[in-house]
Amino acid sequence: MRIDSHVCFSPGHPPEHLQAILARNRFDGAILVVDTLPFPETGPHIAGLIVRHCASLQECRQDARFRGIWASLSDGIPAIAPELARRGLTLDVAMRPADFPALLRLAEQLPDLRIAIDHLARPPFQHLPAEDWLRGMESAARFPNVFCKISGLLTEAAPLPWCAAPIRPFVQHALAVFGPRRLMFGSEWPVRLPDVTWKESLAAFTQSIGAQSMEIREQLLGGTATEFYGL
C-alpha cells in the first residue's frame, strides 16, 4: 500500500484535489495533518488523521481515522505524550536541529511512544549537512521508537528551479542511520504551491534516495507509514 505520510489542506486546495492527485500517481491514501476534530471531509484517500489541537483524546478517538497528535518541540516536550504512549497513539514532532536534545529525552522517557520526526528535522538544505544535524539524527536513530519522514524536501530548499543534489546528502544520511523500515515519504502538499507540485515533491524524494530495490522503494513509499500508523 502506498501512503503519502504528510499532507495538509488550504482553502484553495481542498481534500478532493488531493484524491485525484493520489489516484493518478497510484497512491492508496495519505495521512492528513488537521487543526482540530471533527473533520467532516471523507474519502478513500484519507488513511489517517493527525491532529494539532486535541482538547480530549477520548473525543478525538471517536473518529476512527484518528492516529495521533502533532506537536512542536520548540514548545518543549508535550504534556500529552505519556497518555499517547499508554493509548498506543503516535506523536509527530515538528523540530529543528537545535531540538534534538528534547527529542532524545522524550524517546528515552517514553520507549513505547512511536515518534515521527517531520521533514528530516528541517535541516538547511542549501548548505552541507552540519555536525549538529548529523549527530542528532544518529542519536535519534538509536531509539527504535523514533521514525523519520522524508518530507518537505522542497518547502525550504534552495530557490527554484529546484535540484535534488543539495538534498541528497541529507536523505542518504537518514537512510544510513534509520534504514528504510523507519523512514517514510511525505509530500507536505500543498505548502509550496503553486511553485512546487505534489509530483515534484515525489520526484525530489525519488531522486534523493537514488537507485534502490523495489522492496526498499515500496517500504519508503508506504510500508513504513502503514506500520507506524497502524493502517
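Residues numbered from 1 in each chain as written. Predicted model: local features only at pLDDT ≥ 70, side-chain atom pairs only at ≥ 80, totals over all residues. Heavy atoms only, no water.

1. Here we look at the environment of Gly-230
For Gly-230, the position within the fold is in the segment after α8 (214-228). Classification of Gly-230 as partly exposed rests on a relative accessible area of 48%. Here the alpha-carbon distance between Gly-230 and Gly-186, two residues 44 residues apart in the chain, equals 17 Å. Gly-230 has contacts with Arg-67 and Ala-225, leaving out every residue within four places of it along the chain. (Helix = DSSP H or I, 4+ residues; strand = E, 2+ residues; numbered from the N terminus. Buried < 20%, exposed > 50% of the residue type's maximum accessible area, 1.4 Å probe, protein only. Contact = heavy atoms within 4.5 Å.)

2. Let's talk about the pairing of strand β7 (residues 146-151)
The element β7 is extensively covered by neighbouring structure, given that six of its six residues are classed as buried. Here β7 shows no split at all, with Val-146, Cys-148 and Ile-150 on one side and Phe-147, Lys-149 and Ser-151 on the other all buried. Sheet analysis places strand β6 (residues 114-117) next to β7, joined by three bridges and oriented parallel. Along β7, the bridge assignment pairs Ile-117 with Cys-148. Between β6 and its parallel partner β7, the chain crosses via helix α5 (residues 131-141), and the hand of that crossover is right-handed. Relative to strand β8 (residues 183-186), β7 is paired through four bridges, and the arrangement is parallel. Residue pairing across strands places Ser-151 opposite Gly-186, the latter belonging to β8. (Pairing = 2+ DSSP bridges. Right-handed = clockwise from strand over helix to strand, strands pointing away.)

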